[in-house]
Every structure is written in structure tokens, then in C-alpha cells.
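Summary of the model geometry
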Amino acid sequence: MALSGFLIRRYLRFDKTQPFISITAILAFVGVGVGVMVLIVAMAIMNGMSKEFEKKLFVMNYPITLYATSRQGISSQTLQSLQERFPKLIFSPYVRMQSVARAHGVMGASIIFGVDIQKEAQINGVLQKAIQNIDIQKFKQDKFALIVGEGLAEMLGVEVGEKISLFFTQLEPMGLSLSPVMKRFAIGGVFTSGLRAYDTSYIYTNLSALAAIKNIPQGVYDGIHIYSDRPMEDIEKIRLALNDIPHQSLSLEGWWQQNGNFFSAMALEKRALFIVLMLIILMASLNIISSLLMVIMNRRKEIALLLSMGTRAKEIQKTFFWLGNCIGCGGIVLGVMLSGVVLYVLRTFPIISLPADVYGITKLPIDLSVVDFCATLLGAVLIVCAASYYPAKKASSIDALSVLRNE
């Protein structure tokens, strides 16, 4: 170990007689560091974007949604049975219709949900924030009141307190023809989800109002929004519970199923980016190989003398293996330090700004997971070890007798 340490320190010094060898080693050191830094920063940004989109989509999609697949709907007895069986979950029944909102000569298509505002606010953070400045009792008394998205309110040019007309897909007879149901609603509040697609198309009203328009009896719902801390586990338990309820055509859907293709595409993109950026470290490791090979060629006499004096070939191999690891692992440490600086700067200063109407956020999200960090370090270490092994093996196979005879 003393001999290996001495030789490693000697070979790591800048060689003025052969500066190109030292420059190659420095380039390998810097290259590995830059590769590790780029990979860690890229993974942190990709993970941050994925979690940000997941959070935005989670807001309006709910952990679990139970909906009817027939016109019979979901009865209040089914809701009560589920509430008794799963007291830790939060249930919010809803009635849903499609409509066209009209005000000041401007029209916009929308989806309107009839809900119990207080129950829905317990599982919808956006709606909970919107009703903070609303008198809930007054909102319920004024049955035909709405909470609309900020985007729809801006498009129609209306404010809280004004009225808008909603045209529904429900038809009613008018003499010799059928006409869509039209009803005037008062705007009781405005919500902002951060995603324009929701802000321009979602409307909330009282459950009784939409049930009357849809002409369905009280206690019958189109679906139930369910909040759970462990939706992937609870969805299976609820599915088993529904098997005990006869004469009901029901279906369950988790938030991950509603956007499965989107998150699968992001996961595939993240894996592809990881592999591509790992190639930067691989290319930098080629400089480790060339640097070590040049050191070996330049130190052939020394290696031959060491072998002739009784040094084992394994010791020579170990020396050059750890020499390559010192260069590569030093680069990995440099990369981790640089990535820490870059991530701190990106978190602290608004260097990169995002359009809020596209991404729903203005600041670049950064979230470096432990798995990504460990995978990056592990991949980099494996590449550095592989790059160091071949030159080390080459150094240990030098024929000492031939070198001493000819050189």
C-alpha cells in the first residue's frame, strides 16, 4: 500500500517533460466533473417538472373517482355504505353536465359540476382557496350560484356578482321543436388552478341546482370524488367493497390512470435523457484510458525495474487502477460540488423564467431525488472503474526482461 500510494502521488504530479500527459489527465478530470454536474442538474429539473405537473393534474383529477356507467347513477345508499366502510376516506358526490357559458356576446364551452361545496373543498385545494372569501351559507341559499375559473371569467369579461347564461345539453320541448335548457347563474367566486385548460373549462355549482336542471331525483349522483392518502391501495379495497353492492353499474379510476400516457412518456424521456447524458461521462472516461496508457508508455522502464526488484504484477495493476480512479472519482466529487452550486443558483435566482400560461409556473422547479443522485454516482463510478481497468491490466502485463534489454 505504501508503494502504491507513493507511485500514485508521483504520477499525479504535473510532468513538465511530458505536459501533454498531464493535460490529458486534467481534461479527463474536468470532463467527468462536467458530465456528472450536467446529469445531476438535468435529473433534478426533469424530476421537478414531473412532480409539478403531477401536482397540477392531481388537483382537478382527484385521487380516486367512482362513476356510474349506466343512467341509473349512484344512489345515496351506495355513498352511505362506502362512508361507513371507509371512515378515513373523504367522499364528495357530484353531478356533471356539459354546457356553454355566455356573457356580453362571448361564448365558451365548459364542464359544470354540481357538488356540495364544503365537501368538495376538503379534497380540492384550489376550490378550498377560492371559497375562503365566500359566505358558504349564502352560496348554498342562492342555489343557482357558480364558482368559475379565472380564465373563463376573463374570456367572458365578468366579475363576481355578475350573471352569466348557461346553455345545457339537456333539451326541453318548445312547441314544434326542442330547445336546450338555459339558466341564468350568478358568479359567487373565482378559482385559479394554475393550468389554463382547467381555468377556462371547469365550473362548480350547488348539487341541488344541477340535479334539478338534469331532472334527476335527489340522492342520485353521476359520480363520487374520493380522497385517499394511499389511493393505489385503497382503490382495490373499494373495488372489493363494490362487489357486495348489487344492481349497480359502477367503475373506479385512479388519478394515475387518467394521465397514464402522459407520465409514462415523461418517465421514458427521463430514462432516455439519463442514458444520453451518461455518454458524456463515458466520453470523458476515454481520456482516463488515454492518459493512463501514455503514463504507462512513458514509465515502462520504472515499471520494469519495479517488477525486476520483486514487485508483484498485481501491485502494479492495483497502482494504475487506483490512479485512474483518483482522476475519475476526483472528477465525480467536482461534479457533485458544481451541481450543488448550480442547483442553489437556479433555486435562488430567477435565471430561467417559464411562461405561466403554458406551464402554470414561473420558476424552474428543482427536485433532486435520492434515487437519481445515487444512480448518477453509481453509473459514473462504474464507468470510471471500467476505464481504469484496461490500462492497469496492460501495465501489469509488461515484460520486464524485454524492456530492460531494449531500453
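The structure contained in this document is the topic of the report that follows. (Residues numbered from 1 in each chain as written. Predicted model: local features only at pLDDT ≥ 70, side-chain atom pairs only at ≥ 80, totals over all residues. Heavy atoms only, no water.)

On to the overall build of the protein chain. From N to C terminus, the protein chain includes 17 helices and 11 strands. A compact globule built from 407 residues should have a C-alpha radius of gyration of about 22 Å, whereas the protein chain, at 33 Å, is more than 25% larger. Seen through its C-alpha atoms, the protein chain measures out along the principal axes to roughly 115 × 50 × 40 Å. Counting only residues that meet the buried cut, the protein chain has 47% of its 407 residues in that class. When the accessible surface of the protein chain is totalled, it reaches about 21400 Å², and 60% of it is carbon and sulfur. In the protein chain, which carries 38 positive and 29 negative side-chain charges, the distance between the mean positions of the two groups comes to 10 Å. (Helix = DSSP H or I, 4+ residues; strand = E, 2+ residues; numbered from the N terminus. Rg over C-alpha atoms; globule rule 2.2 N^0.38 Å. Buried < 20%, exposed > 50% of the residue type's maximum accessible area, 1.4 Å probe, protein only. Areas by Shrake-Rupley, 256 points an atom, 1.4 Å probe, with all protein chains shown as cover. Lys, Arg positive; Asp, Glu negative; His and termini not counted. Charge placed at Lys NZ, Arg CZ, Asp CG, Glu CD.)

Moving on, we come to the side chain of Ser339. Examined against the element boundaries, Ser339 turns out to sit in helix α14 (residues 313-348). Residues in contact with Ser339, not counting those within four places in the same chain, are Met37, Ile40 and Val41. (Contact = heavy atoms within 4.5 Å.)

Turning next to the pairing of strand β10 (residues 223-227). By the criterion of burial, β10 is predominantly enclosed, with 4 of the 5 residues buried. Summarising the sheet, strand β1 (residues 64-68) and β10 pair through 4 bridges and their orientation is antiparallel. The partner of Ile64 across the bridge, within β10, is Ile226. The pairing of strand β3 (residues 90-103) with β10 spans 5 bridges and is antiparallel. Paired with Phe91 across the two strands is Ile226, which belongs to β10. (Pairing = 2+ DSSP bridges.)

Because the α-helix completes a turn every 3.6 residues, residues three or four places apart line up on one side. Turning to helix α9 (residues 207-214), its buried residues are Leu207, Ala209, Leu210, Ala211 and Ile213. Where α9 ends, the next residue or the one after it, Asn215, has phi of about 60°, a positive value.

Any link to function would need more than the numbers given here.
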